[in-house]
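Listed below, chain by chain, are the residues.
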Amino acid sequence: MKLRTVTGNRYPVKCACAANCGTTIPAGEAVRVVIDMDTYRPRKSYIPDHSPDAGKWKGNGSAANPAPSNGGNGHAAGFTPASALPVPPPKAPEPPTLPFGPG
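Please read these numbers as outputs of a predicted model, since none were measured by experiment. (Residues numbered from 1 in each chain as written. Predicted model: local features only at pLDDT ≥ 70, side-chain atom pairs only at ≥ 80, totals over all residues. Heavy atoms only, no water.)

On the basis of which strands lie adjacent, the open sheet formed by three strands has the order β1-β4-β5 and antiparallel pairing. Each edge of the open sheet is held by one strand with a lone partner, namely β1 (3-9) and β5 (45-46). Pairing analysis gives two bridges linking strand β4 (residues 28-36) to β5, with the strands arranged antiparallel. Its bridge partner lying in β5, Val34 is registered against Tyr46. (Pairing = 2+ DSSP bridges. Helix = DSSP H or I, 4+ residues; strand = E, 2+ residues; numbered from the N terminus.)

This is the structure in structure tokens:
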């Protein structure tokens, strides 16, 4: 099953969810639809909240689980942002190189 989320729907289609909700997905340029690319004519189309992978990815509706906190810095556990790392001392400047002379 290869699911792709697309924006825009040419024709109204019925939702192909496992619950057989029968909801009609309207045609329109701003309509978001999840399509199963493995099916062939007609492709199965889902409302994003009814798709087989709904809620499995971060930021996918209300079913998404927030990432665990790392000491209150808002990042996932085991991640340290660059702003929290120690600053290394600056390197000593290298001496200038001499240009090639005639000869």
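Additional details are given in the paragraphs that follow.
The next subject is the side chain of Thr39. Examined against the element boundaries, Thr39 turns out to sit in the loop between β4 and β5. Polar side-chain contacts of Thr39 include one of 2.9 Å to the backbone oxygen of Asp36. (Polar contact = N/O pair within 3.5 Å; in protein donor to acceptor, adjacent residues only side chain to side chain.)

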